[in-house]
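Structural overview for review
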2 protein chains.
Amino acid sequence: MASLSVPRHNHLFSRALQARPKPRSLSGPTRIRMSIRENGPSIAVVGVTGAVGQEFLSVLSDRDFPYRSIKMLASKRSAGRRITFEDREYVVEELTAESFDGVDIALFSAGGSISKEFGPIAVDRGAVVVDNSSAFRMDEKVPLVIPEVNPEAMQNIKAGMGHGALIANPNCSTIICLMAATPLHRRAKVLRMVVSTYQAASGAGAAAMEELELQTREVLEGKPPTCKIFKRQYAFNLFSHNAPVLSNGYNEEEMKLVKETRKIWNDKDVKVTATCIRVPVMRAHAESVNLQFERPLDEDTAKDILKNAPGVVVIDDRESNHFPTPLEVSNKDDVAVGRIRRDLSQDGNKGLDIFVCGDQIRKGAALNAIQIAELLL
Amino acid sequence: MASLSVPRHNHLFSRALQARPKPRSLSGPTRIRMSIRENGPSIAVVGVTGAVGQEFLSVLSDRDFPYRSIKMLASKRSAGRRITFEDREYVVEELTAESFDGVDIALFSAGGSISKEFGPIAVDRGAVVVDNSSAFRMDEKVPLVIPEVNPEAMQNIKAGMGHGALIANPNCSTIICLMAATPLHRRAKVLRMVVSTYQAASGAGAAAMEELELQTREVLEGKPPTCKIFKRQYAFNLFSHNAPVLSNGYNEEEMKLVKETRKIWNDKDVKVTATCIRVPVMRAHAESVNLQFERPLDEDTAKDILKNAPGVVVIDDRESNHFPTPLEVSNKDDVAVGRIRRDLSQDGNKGLDIFVCGDQIRKGAALNAIQIAELLL
């Protein structure tokens, strides 16, 4: 578990960012931590003070990711802050070109411009970069990987081989959607997908979560809401995703779903449309996904396929009206799927509607990146 | 404007329920109220103490609906409460069979079982019932009307003819969706519609709005949320609509969109699928709607059609990322449409994505019912 030196545990957003108790079952009453190992890789975490950076540390610890050493890197502004990680104290260092000397795996989550500047430098110095930004995702030479979906895309890349490489982490909404859609795609081939998202504050960073909380308090007190991160009231409201809108009318977040799906599935013909909306939820995304298949797929078979899919949990209790919610998947590894039903508007059992929820910071970002890093070992 | 005897204006939900300033422009500095007229119909409002009942009164007043007399009806529990309406004080009466003697138009919004019991009684006594519940919507003999869409369905029904009739108000999510989809349907014929909703608390009544506010305060204070109306946390969360789930996996709210669209458009072949989700918003619904047309329809033409559609306002500023939000349409009459764009996943310019927001209590319920009542005069 990681904690910054000034935790704000009285606040909802910081509670939402708090690391959860470890999800593993322990074999005995005590357990010796094995993560620091001489033969493990040397790691760097770039953007360690951000929401995803902090989650990188939580996930590394939760999964006993082996490491020889770990560097905490951030902007000059955050340099000098202290971070406690696995009972040791670290000082955040300013990110420079020299930061990557001797680093085997660099986990980046500090925004696209930092990735564009320092990603290639880290690769030059021999590191394998797992990049959480959108900077390299659509670069043909860079694998875009969800480990449960297309691990083969990075099969020749390993850490500590002396030559660096870049691997891109897909966008959160793509990961969460494809975790559920891919097992069905493998069985019946998805021809077209219509996605509407319900996206949490966390996708815009910890400051956006803080703003949602602050605004909510203000609105409840009858005060005008503080709008710094977003241009409009977020509390008790929702709005089209804040990503820039392109000339085709789609915003960049939506086009990520369109383009990344094609690349990850290695299927240039799959048709995707998406409408991305921010809702006043802290850290987990939901997505309503309508699927059109090439081959018939009934809902019971779909449910069985999803129950057996790695990293997926089915929550689909029609009688008690219990289906996935963002809150239930918050701080959880698995993506939850429910509302699995035959689409009445499509003939021949070739359509399904599903509703998917996944933790944006965890599987949508940090967990997926650490799983990629595990494939590098 | 109407107000119950114990307003709770310090609360967010009651602020959200407050009547807005009149939207009309006045021709002079003073204005004589003309609503009470000897030749106007006698009106009864059933369920007058509920969120929609209160909105009935606001809308009647806003639109200078002419009336000879008005009866405020509710359950025994609410009988005796005082309501101020257009500067007169009324006492809420208990709803009985005799309530409808001499009533020309009865506006019902007290739930399906009250409508089933008292709707036919009111009709027997010569009243035209405009029913906001789902009780009679799919009854073949009962017109289901959105005045901007299918006024012809009720063309033979008038008030004060001595014989009663029933007219059903569609479900809120259907009204809001079809206000935007119908003008496009008329031009290019909708073959299939995929709808995902973002529904406000108000659809479950004033108590649900109150619960959302209470829960939000509790969660911000680190307390467990009070769950009475809904089975789960609503604050900073969302969940599949609370309507019962049917054996086909759709919930009743979703099937309303499917079936009511067919009836209102008088088109048994139109294909609709819907996923209905409750989001932590007070009183306006949003809907992401994917449309598939028989004939080509480009986005500029669609935008022009919508700009000229009655009861619709286009908010579609790509450059400043300004699109409809629930907050902007709250307490407004018009349904707002934006994110109008060619669907990348459909060929031949035969698909559009749009995003629609409408006030659930106003156009989604009370305003639409009063517009129906206006057609009865």
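Note that this is a predicted model, so its numbers are computed, not measured.

**Quick look at the nonpolar core**
In this structure, A:I70, A:L107, B:L60, B:I70 and B:L107 are the most contacted members of the largest nonpolar core, which totals 104 residues. Setting aside anything within four residues of it in sequence, one finds B:I70 in contact with B:I43, B:V45, B:L57, B:L60, B:F85 and B:Y90.

**A short note on the relation of the copies chain B and chain A**
The operation relating chain B to chain A is a screw motion whose rotation component is 180°, with 0.0 Å of axial translation and a residual RMSD of 0.0 Å. On this basis, the relationship between the two copies can be described by a two-fold rotation axis. The share of interface residues of chain B whose copies in chain A are also at the interface is 100%, consistent with both copies meeting through the same surface.

**Describing the interface of chain B and chain A**
By convention, interface size is frequently given as the accessible area that disappears when the constituent parts associate. Facing the 69 residues of chain B at the interface are 69 residues of chain A. Counting each side, the surface lost to burial between chain B and chain A is near 5600 Å², with a carbon and sulfur contribution of 53%. Inspection of the region where chain B meets chain A yields eight salt bridges. A:R192 is the salt-bridge partner of B:D343, the closest N and O atoms lying 2.8 Å from each other.

**Some words on the UniProt feature "active site" (unreviewed entry) in chain A**
All names here are of chain A. Under the local residue numbering, the UniProt record ascribes the feature "active site" (unreviewed entry) to C172 and H285. Spatial clustering of the annotated residues is evident: they stretch over 114 residues in sequence, but the largest pairwise C-alpha distance comes to 8.3 Å. Locating C172 in the fold gives a position in helix α4 (residues 172-188). What makes C172 buried here is its relative accessible area of 7%. Its place among the elements puts H285 in strand β13 (residues 284-293). The class for H285 is buried, based on a relative accessible area of 0%.

**Digging into the packing of α4(A) against helix α7 (residues 299-307) of chain A**
Residue and element names in this part refer to chain A. α7 packs onto α4 with a crossing angle of 120° between their chain directions and a minimal axis gap of 9 Å. Taken together, the axes of α4 and α7 are oblique relative to one another. By crossing handedness, the relation of α4 to α7 is classed as right-handed. Across the interface between the two elements, A180, P183, L184 and R187 from α4 touch T301, A302, I305 and L306 from α7. Here the residues of the contact of α4 with α7 are counted per class, giving six nonpolar, one polar and one charged.

**Some remarks on the sheet that holds strand β9 (residues 165-168) of chain B**
Residues and elements named next belong to chain B. Read from one edge of the open sheet, six strands run β6-β3-β2-β7-β8-β9, paired in parallel fashion. A strand with exactly one partner marks an edge of an open sheet, and here the two such strands are β6 (93-94) and β9. By the bridge criterion, four bridges tie strand β2 (residues 42-46) to strand β7 (residues 105-108) in an arrangement that is parallel. Across the sheet, V45 pairs through a bridge with L107, a residue of β7. Helix α3 (residues 112-124) contacts β2, β7, β8 (128-131) and β9 of the sheet and is inclined by roughly 175° relative to β7. Helix α9 (residues 362-375) contacts β7, β8 and β9 of the sheet and is inclined by roughly 165° relative to β7.

**Some words on the pattern of salt bridges**
Applying the stated rule across the entire model yields 44 salt bridges over all chains. For A:E221, the salt bridge is made with A:K223, and the minimal N-O distance between the two is 2.8 Å. Taking the relative accessible area as the measure of exposure, A:K223 reaches 47% and is therefore partly exposed. The salt bridge involving A:K271 is made with B:D347; its shortest N-O contact spans 3.6 Å.

**With respect to the domain arrangement of chain A**
All names here are of chain A. Structurally, chain A comprises domain 1 (42-170 + 366-376) and domain 2 (173-359). Averaged C-alpha coordinates put domain 1 and domain 2 at centres separated by 26 Å. Between domain 1 and domain 2 the total buried area reaches about 1500 Å² when both faces are included, carbon and sulfur atoms providing 65% of it. At the junction of domain 1 with domain 2, the criterion picks out two salt bridges.

**A closer look at the packing of α4(A) against helix α9 (residues 362-375) of chain A**
Residue and element names in this part refer to chain A. For the pair α4 and α9, the least separation of the axes is 8 Å and the interaxial angle reads 90°. Between α4 and α9, the interaxial angle falls into the category roughly perpendicular. Here α4 contributes C172, I175, I176 and M179 to the contact with α9, which in turn contributes K363, G364 and N368. Its residues assigned to classes, the contact of α4 with α9 shows four nonpolar, two polar and one charged.

**Quick look at the sheet that holds strand β11 (residues 239-240) of chain A**
All names here are of chain A. Read from one edge to the other, the open sheet built from seven strands follows the order β11-β12-β10-β13-β16-β15-β14, with strand pairing classed as mixed. In this open sheet, the two strands that pair with only one neighbour each are β11 and β14 (312-314). One ladder, built from eight bridges, connects strand β10 (residues 190-199) with strand β12 (residues 271-278); its direction is parallel. Across the sheet, Q199 pairs through a bridge with R278, a residue of β12. Strands in contact with α4 are β10, β13, β14, β15 (335-342) and β16 (351-359); relative to β13, the strand with the most contacts, it is inclined by about 30°. Sheet strands touched by helix α6 (residues 252-265): β10 and β12. Its angle to β12, the strand with the most contacts, is close to 140°.

**Concerning the pairing of strand β4 (residues 82-85) of chain A**
Successive side chains on a regular strand alternate, one facing one side of the sheet and the next facing the other. All names here are of chain A. Residues of β4 alternate between two faces, with I83 and F85 buried on one and R82 and T84 left unburied on the opposite face. Pairing of β4 with strand β5 (residues 88-91), which is carried by four bridges, proceeds in the antiparallel orientation. Across the sheet, F85 pairs through a bridge with R88, a residue of β5. Where β4 folds back on β5, the antiparallel hairpin that results is connected by two residues, among which E86 adopts a positive phi of roughly 50°.

**Digging into the UniProt feature "domain: Semialdehyde dehydrogenase NAD-binding" (unreviewed entry) in chain A**
UniProt feature "domain: Semialdehyde dehydrogenase NAD-binding" (unreviewed entry): in the numbering of this structure it lies at residues 42-157 of chain A. Spanning residues 42-157 of chain A, this segment combines 22% helix with 25% strand, and its end C-alpha atoms are found 16 Å apart.

**Some thoughts on the environment of B:I277**
Looking at where B:I277 falls in the secondary structure, it is placed in strand β12 (residues 271-278). Overall, the relative accessible area of 0% leaves B:I277 in the buried class. Here the alpha-carbon distance between B:I277 and B:A200, two residues 77 residues apart in the chain, equals 9.0 Å. Not counting chain neighbours up to four residues away, the residues in contact with B:I277 comprise A:Y198, A:F355, B:T197, B:Y198, B:Q199, B:L238, B:F239, B:S240 and B:H241.

The rules behind each value
Residues numbered from 1 in each chain as written. Chains lettered and ligands numbered in written order. Predicted model: local features only at pLDDT ≥ 70, side-chain atom pairs only at ≥ 80, totals over all residues. Heavy atoms only, no water. Core = buried A, V, L, I, M, F, W, Y, C linked by side-chain atoms within 4.5 Å. Buried < 20%, exposed > 50% of the residue type's maximum accessible area, 1.4 Å probe, protein only. Contact = heavy atoms within 4.5 Å. Least-squares fit on C-alpha atoms with pLDDT ≥ 70 in both. Buried area = accessible area lost by both parts, 1.4 Å probe. Salt bridge = Lys/Arg side-chain N within 4 Å of Asp/Glu carboxyl O. UniProt positions renumbered as here; feature names shortened; annotations may be inferred. Helix = DSSP H or I, 4+ residues; strand = E, 2+ residues; numbered from the N terminus. Axes fitted to C-alpha atoms, helices over the stretch in contact; angles between N-to-C directions. Parallel < 35°, antiparallel > 145°, perpendicular 65-115°, else oblique. Left-handed = near helix turned anticlockwise from the far one by under 90°. Nonpolar A, V, L, I, M, F, W, Y, C, P; charged D, E, K, R; others polar. Pairing = 2+ DSSP bridges. Domains from an automatic or database assignment.

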